[in-house]
Amino acid sequence: MRERKRRKVMMEKVMVIGAGQMGSGIAQVCAQAGYHVLLNDLKEDFIERGLGIINKNLSRQVEKGRMNEEQKDQVLSNITASTTLNDASNVDIVIEAAVENMKVKTNIFAELDKIAPQHTILASNTSSLPITEIAAATNRPDQVIGMHFMNPVPVMKLVEIIRGLATADEVYKKIEEMTKTLNKIPVEVNDFPGFVSNRVLMPMINEAIYTLYEGVASKEAIDEVMKLGMNHPMGPLTLADFIGLDTCLYIMETLHEGFGDDKYRPCPLLRKYVKAGWLGRKAGRGFYEYN
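Everything numeric here is computed off the predicted structure, so don't read it as measured data. (Residues numbered from 1 in each chain as written. Predicted model: local features only at pLDDT ≥ 70, side-chain atom pairs only at ≥ 80, totals over all residues. Heavy atoms only, no water.)

1. Things to note about the sheet that holds strand β1 (residues 13-17)
Using the following cut-off: Criterion used throughout: strands pair if DSSP finds at least two bridges between them. Runs of E in the DSSP output that reach at least two residues are strands. Runs of H or I that reach at least four are helices, and both are numbered from the N terminus. Orientation is described by axes fitted as lines to C-alpha atoms, over the contacting stretch for helices, and by angles from 0 to 180 degrees between their N-to-C directions. Contacts are assigned to residue pairs with any non-hydrogen atoms lying within 4.5 Å of each other.
Overall, mixed pairing links the 8 strands, which are arranged β3-β2-β1-β4-β5-β6-β7-β8 in an open sheet. In this open sheet, the two strands that pair with only one neighbour each are β3 (79-82) and β8 (185-189). With strand direction ignored, the average angle separating the axes of adjacent strands in the sheet is 25°. Here strand β5 (residues 121-124) pairs with strand β6 (residues 144-149) via 3 bridges, running parallel. Looking at the pairing, L122 lines up with V144 of β6. Seen against the sheet, helix α2 (residues 21-32) touches β1, β2 (36-40), β3, β4 (93-96) and β6 and runs at an angle of roughly 170° to β2.

2. Details of helix α10 (residues 236-243)
Note the threshold: Type-normalised accessible area, obtained with a 1.4 Å probe on protein chains alone, sets the label of each residue: buried when under 20%, exposed when over 50%, and partly exposed for intermediate values.
The complete set of buried residues in α10 reads P236, L237, L239, A240 and D241. Next to the buried residues of α10 lie α8 (197-213), α9 (219-230) and α11 (245-259). One or two residues past the end of α10 sits G244, with phi positive at roughly 110°.

3. As for the UniProt feature "site: Important for catalytic activity" (unreviewed entry) in the protein
Here is the rule we go by: UniProt positions are given in the numbering used here, feature names are shortened, and annotations may be inferred rather than shown by experiment. N or O atoms within 3.5 Å of each other form a polar contact, as long as, within protein, one can give a hydrogen and the other can take it, and as long as residues adjacent in sequence are counted only when both atoms are side-chain atoms.
According to UniProt, the feature "site: Important for catalytic activity" (unreviewed entry) maps to H148 in the numbering used here. If you trace the backbone, H148 turns up in strand β6. Within the structure, the side chain of H148 is placed 2.8 Å from the side chain of E160, a separation counted as a polar contact.

4. Here's the deal with the side chain of K184
Cut-off, in case you're wondering: A positive count includes Lys and Arg, and a negative count includes Asp and Glu. His and the chain ends are not counted in either. Salt bridges are defined as contacts in which a side-chain nitrogen from Lys or Arg sits within 4 Å of a carboxyl oxygen from Asp or Glu.
Positionally, K184 belongs in the loop between α7 (169-181) and β8. One buried charged residue, K184, remains without a salt bridge, the closest side chain of opposite sign being E160 at 14 Å. Side-chain polar atoms of K184 contact the backbone oxygen of M156, separated by 2.8 Å. Setting aside its immediate chain neighbours within four residues, K184 contacts V29, V153, P154, V155, M156, K157, V159 and T179.

5. Focus on the domain arrangement of the protein
Operational definition: Note that domain bounds follow an automatic or database assignment of domains. The buried area of a pairing is the accessible area, by a 1.4 Å probe, that goes missing from both parts when the two are put together, added over both.
Once the domains are mapped, the protein shows domain 1 (13-190) and domain 2 (199-281). Taken together, the contact pairs 8 residues of domain 1 with 4 residues of domain 2. Summed over both sides, the interface of domain 1 with domain 2 buries roughly 510 Å², with 62% coming from carbon and sulfur. In terms of surface lost to domain 2, no three residues of domain 1 exceed E100, S128 and N151, which account for 56% of the buried area on that side. Where domain 1 touches domain 2, the interface holds 0 salt bridges. Across the domain 1-domain 2 interface, the total number found is 1 residue pair in polar contact (both at pLDDT 80 or more).

6. Let's talk about a nonpolar patch on the surface
The condition is simple: Residues enter patches when they are more than 30% accessible in relative terms and free of salt bridges; like-charged ones are connected within 9 Å and nonpolar ones (Val, Leu, Ile, Met, Phe, Trp, Tyr) within 5 Å. We get accessible surface area from the Shrake-Rupley algorithm with a probe of 1.4 Å; when it comes to residues, only the shown protein chains can shield them.
Judged by side-chain polarity, L158, I185 and V187 come together as a nonpolar surface patch covering roughly 220 Å² of accessible area. When you line up the elements, L158 lands in strand β7 (residues 158-163).

7. So, the packing of α2 against helix α3 (residues 44-63)
Rules: For classification purposes, an angle smaller than 35 degrees is called roughly parallel, one larger than 145 roughly antiparallel, one from 65 to 115 roughly perpendicular, and anything else oblique. Crossings are sorted by hand: turned counterclockwise from the far helix by less than a right angle, the near helix makes the crossing left-handed, and turned clockwise it makes it right-handed. Nonpolar residues are Ala, Val, Leu, Ile, Met, Phe, Trp, Tyr, Cys and Pro. Charged residues are Asp, Glu, Lys and Arg, and all others, Gly as well, are polar.
Viewed as axis vectors pointing N to C, α2 and α3 meet at an angle of 55°, and their least axial separation amounts to 9 Å. For the element pair α2 / α3, the angle class is oblique. At the point where α2 passes α3, the crossing takes the right-handed sense. Taking contact as the criterion, the partners of S24, A27, Q28 and Q32 in α2 are, on α3, G50, I53, I54, N57 and L58. For the contact of α2 with α3, the per-class residue count stands at 4 nonpolar, 5 polar and no charged.

Put into structure tokens, the structure is as follows:
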């Protein structure tokens, strides 16, 4: 009976939890694709900030001639503010983009499981945490899945789709189809720490930090080698600042704990910078200084 009901439901209403950089970007691409979006966060101030980011992104598209003012207004009208998880009682999918912390995420998913309709798919934008463990906080593990968008969401094409141990094939197919409607490219990934993207990327960034820590080269030289020698658009230390050094550290700790392998041990310099509050671009200072 449950399977029959799920097949009849169209994906139209989306709740995005977390109005930060990732959440606002996910809300924007969903709204641009014509979905009705609830942008949820703890406080109205956080949502206003997220809507400001979306408005700025869309205004830039208007300036470049990629959309007109009417289209911009239509996208914004597809987004409604929400400060309570109870609003999940009338959505078809929830995409959680809250802080990268297992306890926070499992608490959210346990609440959503009580509130959301039976057919609702619960997705997480986690960049490294196990989907299977998040799903275990619910009574619908077959309807829990990972949707790992890349930053900045409106620009980057990739979405890693991560199956938990119990994720149903039908749920995967729906998320794959939805991802394509967002003008993104879905790639199926199994549930291992860091998935593919961060399991490969973060150790490279961590090793770049080690080369700085050990005095192998200056930060500028390290970034130049990777840009000019490896054709990377951005050096690893600049990229770490862009991602956030606290996020880099958390992902490295997740990899280290998940695999139990010292090759994932976070560089002491990374820990020192995070403790100093030098978190990168968002804090005004990381490996580089930002005005």
